[in-house]
Amino acid sequence: MLNQKVVFKSANEAVCTAAKQIDYHLMGYYPITPSTQIPEGMDLMKSQGRLDTVMIGAEGEHSAAGICYGGTLAGARVINATSANGLLYALEQLPVQSGTRMPMVMNVACRTVSAPLCIKGDHSDIMFALNTGWLILFAKDNQEAYDFNIIGLKVAERVKLPVIIAFDGFFTSHQKKKLLVFEEDEDVREYVGEYKAEYTAIDVDAPVTIGSYMNEPDIINNKYQLRLAMEEAKDVIYDEFEKYEKISGRKYCVINKYMCDDAEVIFAVLGSAFDTAKVAVDKMREEGHSVGVVTVQALRPFFGDEISDACINAKVVVIGDRQDSYGEGGSFSTEVKSAFYDRGVSAKVITRVFGLGGKEFYVEDAENMLYTGIEAMEFENVKSFDYYGAYKGSEFKNVKYFEPVTEKNSRLGYEVIDDGEKVSVKNINIKKSASMPKRLVAGHSACAGCGIPVNVNLLLKGIEGNVVMLFHTGCGMVVTTGYPTTAFNVNYVHNLFQNGAATLSGIVEGYKERQRRGEIPEGKITFIMVSGDGGMDIGLGAALGAAIRNHNMIIFEYDNGGYMNTGYQYSYTTPLGAKSATSHVGTGERGKPYLPKNTPKLFEATGINYIATVAESNPQDFIVKAKKAQYYADNYGLAYIKALSACPLNWQDEPRYERSVIQKAVDSCYFPLYEVERGVRRVTYKPKNKIPVTEFLGTMGRTRHLLGDRYKDIVETVQNSVDKNWEELKG
């Protein structure tokens, strides 16, 4: 047995430790709770010079999966981590990876799939991966998350299939526990050995075609070979469990059973609930009940013989599903019942869906599950399927907290003049605009100094009439719509980062078509999508698509320069050199590695009629542009507005000074104020004295370190980029 040491780590941290010891070539990732700590932790180690892995932050999980696949095609060892809708967004790429037999490791911190949006743990995400051809090992605790990351890589490379290491979000991913890790990284590397891909896309002397077009009968043979590899993995998993026991002292089996041999009632469950159920079994054994609990360590391949053997003597098996397939239980139930049927297990099977959305599972709950099994031994009327812990809920009551803002109470007499070349707006007065009712009202839970409500309400000061709003996932959405209340007194819709613009496009066109058919009355609605927290990274494709199609809507981006909703990882608009949870500053890293993305220019390339930048430091300019955007959205098509939006928590500055911080960004021309109207650029604010960009960078803790001598080259690059862009805008 090799030397090990006791550490106190969460499962996410344990994964980082295993990844460091394995020494992966590459990680492609996109932040999503609760798996985000894995790339954060690895990036921190890289900044400290303790990790060599190339870290590539993608603009979304689909691209992250593509980056990882590309790495494996180059013969590299690759790791990824994701959760929930991130896994679903990447799902299309998973069969590509397995179908071309490229091994890698992906950790899934299991979480609820929205909608409604919920970041807590259950198994509704991992079950979507069952049919992708990936191996899936399920870790019930932090120790297994560490060990399975090491074992899983070895299995994956032996059978040439990618592997998912799954564990419960928050219950396992974030809770710290004592575990053993190998003292020497070299011991882990000796166990996994050197990886030599059988074929790659970079061997110029032996070129291959990977992922060719294939018809029958070849495709069925391809899938059959994948099936054979999955079956081979059963023996390989057993073999690697035995080898790992010799170096670690920890014995693993494909199932984990407790008090099952003589049990009349067995509770079958996945993940962290197993240990909770063991406590319940001990209590009920003391009371004279013959009960036990079993879990599986592998979902793919599924070890039907082993789970059946564990339950062969039981009279009742209660299966706990932390997910529902909306048939006769969740996917785990389906697998277990199918195994029992094929192998002649006579136990009565009871299924209970429990713990969805991170609902706690206590010892008493496990006892209740087992008592349900005891009851089923005696009575025939026990339901074979039901939800555990669900409640009907109270009758819905639509409480009106505020009067809605409509055409009747939002007209301030703004005058729009279109001379055929440009649009001008008259009668806008800042004091007068304060009388317009707010569409985003009091009651949100944004941090003090947060720019989101400030910028959204400034935008809406320029929008008269009826409004429908769609928010991408992000801080702006989370802090305003905590069920069962809302901070909006206009119609509001939420959809995920990557598809908000497409969703609003559908609303716009559905509204127009229903009007055309006479199904709804004539009238005008201004449709606005609000995006931020990196939403113009992962959502950029859909947003540009909507712009190219030129739907009658406004896209408003509050750019706070990071993925703030998941704890501040760098986005494509984070300043060069800025510190974040995935762009640390240390001996091995120097903050955000590249210049920020110029989103307005991308929208300019689509040919839409109106693009503008705005800032809360210049409210008159802001409101005028909002009104112009409404005019263009009503009459010509899509309009795009971008605001620089403060985030005191992650910018690391004082909330009370945010307006002056934004002013410095504008006066340094780091964030110039301009518009592009019908293809013509026009600067709308020229600083009297253009200040150096360091005056803006120096206001924030995330960039203040750049003022030191070590980062002079970064500051020079930023200043040169700002100056070049400013000269281009001035013409």
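Everything that follows concerns the structure shown earlier in this document.
Each chain has its residues counted from 1, following the order in which its sequence is written. Side-chain atom pairs in this predicted model are given and counted only at pLDDT of 80 or more, local residue features only at pLDDT of at least 70, and totals for whole chains, interfaces and linings cover all residues. Where side-chain values are given, they derive from all heavy atoms of the structure, hydrogens and water being excluded.

Colleague: Describe in detail the pattern of salt bridges, supporting the description with residues and values.
Modeller: Salt bridges, as used here, are contacts in which a Lys or Arg side-chain nitrogen is within 4 Å of a carboxyl oxygen on Asp or Glu. Scanning the entire structure with this criterion turns up 46 salt bridges. Put simply, Glu 231 and Lys 234 hold a salt bridge, and the shortest N to O gap is 3.5 Å. Of this pair, Glu 231 and Lys 234 both sit in helix H8 (residues 218–248), three residues apart, which is roughly one turn of that helix. Since its relative accessible area comes to 32%, Glu 231 is described here as partly exposed. Taking the shortest distance from any N to any O, the salt bridge between Asp 713 and Arg 590 comes out at 2.9 Å. Of this pair, Asp 713 sits in helix H24 (residues 712–730) while Arg 590 sits in the loop between strand E21 (554–559) and helix H19 (599–604), and the two are 123 residues apart along the sequence. Secondary structure follows DSSP: runs of H or I at least 4 residues long count as helices, runs of E at least 2 residues long count as strands, and numbering of each begins at the N terminus. Exposure is judged per residue with a 1.4 Å probe applied to protein chains only, and the accessible area is read against the type maximum: over 50% gives exposed, under 20% gives buried, and values in between give partly exposed.

Colleague: Quick one: what's the story with the pairing of strand E25 (residues 680–683), residue by residue and with numbers?
Modeller: For a regular strand, side-chain orientation follows a simple rule: the groups alternate between the two sheet faces. By the bridge criterion, four bridges tie strand E24 (residues 674–677) to E25 in an arrangement that is antiparallel. Bridge pairing in E25 links Glu 675 to Arg 682. At least two bridges found by DSSP between two strands are what make those strands a pair. If you look at the hairpin formed by E24 and E25, you'll find two residues sitting between the two strands, and Arg 678 has a positive phi there, around 55 degrees.

Colleague: A description of unusual backbone geometry should follow, citing residues and the corresponding values.
Modeller: Residue Ala 115 follows Ser 114 across a cis peptide bond; omega there is 20 degrees. Mapping Ala 115 onto the fold places it in the loop between strand E5 (105–110) and strand E6 (135–138). Of note, the amide linkage connecting Arg 300 to Pro 301 takes the cis form, showing an omega dihedral of 0 degrees. Here Pro 301 is to be found in the loop between strand E12 (298–300) and helix H10 (304–310).

Colleague: Describe in detail the sheet that holds strand E15 (residues 385–387), supporting the description with residues and values.
Modeller: The strand order across the open sheet formed by six strands is E9-E11-E10-E13-E14-E15, and the pairing between neighbours is mixed. Every interior strand has two partners, whereas the edge strands, strand E9 (255–258) and E15, have only one. Direction aside, neighbouring strands of the sheet carry axes that sit 20 degrees apart on average. Axis definition: a line fit to C-alpha positions, over the contact stretch in the case of helices; interaxial angles, taken between N-to-C directions, run 0 to 180 degrees.

Colleague: Any chance you could break down H24 for me, citing the residues and the numbers?
Modeller: Here H24 is 19 residues long and its end C-alpha atoms lie 27 Å apart, about the 27 Å a rise of 1.5 Å per residue gives. Residues of H24 that are buried: Ile 714, Val 715, Val 718, Gln 719, Val 722, Asn 725, Trp 726 and Leu 729. Along H24, the residues classed as buried sweep out an arc of 135 degrees about the axis, all on the same side. When the buried face of H24 is taken as reference, the exposed residues oriented beyond 90 degrees from it are Lys 712, Glu 716 and Lys 724. Positive backbone phi, at 80 degrees, marks Gly 731, one or two positions downstream of H24. Given the number of residues in a helix, its expected span is that number minus one, multiplied by 1.5 Å. Note that the arc is computed from the directions linking the helix axis to the C-beta atoms.

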